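Topology and contacts: notes
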Amino acid sequence: MFKRVFIIIVVSSLLVGCWDERLYKNLSVVSLVGIEGQIGEMKAYYAYPTSPDDPTQYVVIESAGLSPRDLRNNADLKVEQSLDLSELSTILISAETAKNPIYNFLDIYYRNPQNPITSKIALTEGSVKQYIDIKQKLPSDVGEYYQRFIESFERNTIFPKVTLKRTASLLFDKGKDLVLPYIKRDEEKGTPIAAGLSLFNDQVFTGTILDVKESLLLVLLSSGKATNAKISYLWENGDKKSPVSIDVIKVKRKWEIEEKGSTATIHLNYKLNVNIEEFPHDRLYEDKTRKELQGFLTKKVQEDVEKLLVKLQEAPSDALGIGRKIRAFHPKVWDEKWGEKFATLTLKPKITVSITRTGILE
């Protein structure tokens, strides 16, 4: 009995208190951070709720400084409680700022173990301040609002799933370049609009932006995964015009690399299984109509993919990750300056669209 009492006392003494205890009443919990400017002359915006009962009410602290760490220190001088980033949901970075090595602005978020690495990141057109000062009443906390906004486009296969952790791995990946969501602003309502994806070369934003359809195709081609991936075209058959909308169900990918000395031809073969979601012309039960529509869709997607690949090479940005396979299996083709080498490769896509579902009516 005495032994049991002794053990309980010892265990209890070990559990009392915590050396790194942080009380929320002493903290301003930031959910959204905005960054703009350049190293040496930067601005940051920290948004946090002013009321625990109503998180939609928030205040924005603006800070100026030489570096991200300096910004944070100066921001702490303006609040009655210390800023806490342990629940940071989203980081917004000005597109102009990202034209410099982006890791310079993210380094402090990796070094502090209390910062979450699941935060979302996006680039903004223009100053990030206007994206934080939203005039309309939000349905949730401002940081959570942007997080859910980005996640909704991830579910629609327009944005890839990129977090702070994923960003770091791609920034130091020699064989694949980073892409980040690109957001514009509705001038009338002040709310964000998904404008596509921003292409990076190494750690620098190239200035090239993929539109929404190009972004969807890039996610499909690079990941091979489709979730609510919808594409629309206008089908012309003689004098008749019919809209046709498809939902990509599955993507099968096969890459073949034809090595030619220090260069190569990359054969990018894809088969897309699709569901017809809109086709007023109907009559898909007829083999002729189905084959004609499959041929039309194959041609249109092929053309769009070819334009996308040209855009990637002109950037240049290897967002598909072709460099990973080249580096692993074709060392003669690999070059440490991969962006420059990627731009010179011959990319030959071959797309096949197969209609596997047509809905209730055929």
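Residues numbered from 1 in each chain as written. Predicted model: local features only at pLDDT ≥ 70, side-chain atom pairs only at ≥ 80, totals over all residues. Heavy atoms only, no water.

As for helix H6 (residues 164-171)
Three- or four-residue spacings in an α-helix give side chains the same orientation, since the helix completes a turn every 3.6 residues. Short version of the rule: Relative accessibility thresholds used throughout: buried, under 20% of the residue-type maximum; exposed, over 50%; partly exposed, between the two (1.4 Å probe, protein chains only). Per the convention used, a helix needs a DSSP run of H or I reaching at least four residues, while a strand needs a run of E reaching at least two, with both numbered from the N terminus. Working note: the arc is built from the helix axis to C-beta atom directions. Should any heavy atoms of two residues lie within 4.5 Å, those residues are considered in contact.
Here H6 has its buried residues at Leu 164, Thr 167, Ala 168, Leu 170 and Leu 171. All buried residues of H6 lie within an arc of 170 degrees about the axis, which places them on one face of the element. The secondary structure elements touched by the buried residues of H6 are strand E6 (90-94), helix H3 (103-111), strand E7 (120-124), strand E8 (179-185) and helix H9 (322-329).

With respect to the pattern of salt bridges
The line we're drawing: Each salt bridge in this description consists of a side-chain nitrogen of Lys or Arg and a carboxyl oxygen of Asp or Glu lying within 4 Å of one another.
For the structure shown, the criterion picks out 14 salt bridges. Lys 300 is the partner of Glu 303 in a salt bridge, and the nearest nitrogen-oxygen pair spans 4.0 Å. In this pair, Glu 303 and Lys 300 are both assigned in helix H8 (residues 287-314), 3 residues apart and thus about one turn of the helix distant. Overall, the relative accessible area of 27% leaves Lys 300 in the partly exposed class. Salt bridges sharing common partners tie together Lys 43, Glu 62 and Lys 129.

Description of the nonpolar core
One broad trend across soluble globular proteins is that nonpolar side chains are buried collectively. So the rule is basically this: Nonpolar cores are built from buried Ala, Val, Leu, Ile, Met, Phe, Trp, Tyr and Cys residues. Side-chain atoms within 4.5 Å join them into one set.
Counting 70 residues, the largest nonpolar core has Leu 218, Val 244, Leu 293 and Leu 297 as the members making the most contacts within it. For this core, the element with the highest residue contribution is H8, accounting for 8 residues. If we skip the residues at most four places from it in the chain, Leu 293 touches Trp 235, Val 244, Ile 276, Phe 279, Leu 284 and Ile 355. Counting 36 residues, the second largest nonpolar core, distinct from the first, contains Ile 35, Met 42, Leu 88 and Ile 93.

What to know about the packing of H3 against H6
For clarity, the cut-off: Here the axes come from fitting lines to C-alpha atoms, over the contacting stretch only for helices, and the angles between their N-to-C directions go from 0 to 180 degrees. Here the word oblique covers every angle except those under 35 degrees (roughly parallel), over 145 (roughly antiparallel) and from 65 to 115 (roughly perpendicular). In this scheme the handedness of a crossing depends on how the near helix is turned from the far one: anticlockwise by less than a right angle means left-handed, clockwise means right-handed. Three classes are used: nonpolar for Ala, Val, Leu, Ile, Met, Phe, Trp, Tyr, Cys and Pro, charged for Asp, Glu, Lys and Arg, and polar for all others, with Gly counted as polar.
Where H3 meets H6, the axes come as close as 11 Å, and the angle between the chain directions of the two elements is 130 degrees. In terms of orientation, H3 lies oblique with respect to H6. The hand of the H3/H6 crossing is left-handed. Residues Tyr 103, Leu 106, Tyr 109 and Tyr 110 of H3 touch H6, and the partners they reach there are Leu 164, Thr 167, Ala 168 and Leu 171. Along the lines of polarity and charge, the residues of the contact of H3 with H6 split into 7 nonpolar, 1 polar and no charged.

Focus on the sheet that holds strand E11 (residues 229-237)
Our working rule: Strand pairing requires that DSSP identify at least two bridges connecting the strands.
Overall, mixed pairing links the 4 strands, which are arranged E11-E12-E13-E14 in an open sheet. Of all the strands in the sheet, the pair left with one neighbour each is E11 and strand E14 (346-357). Neighbour-to-neighbour, the strand axes of this sheet turn through a mean angle of 40 degrees, independent of strand direction. In terms of strand pairing, strand E13 (residues 263-278) meets E14 through 11 bridges, oriented parallel.

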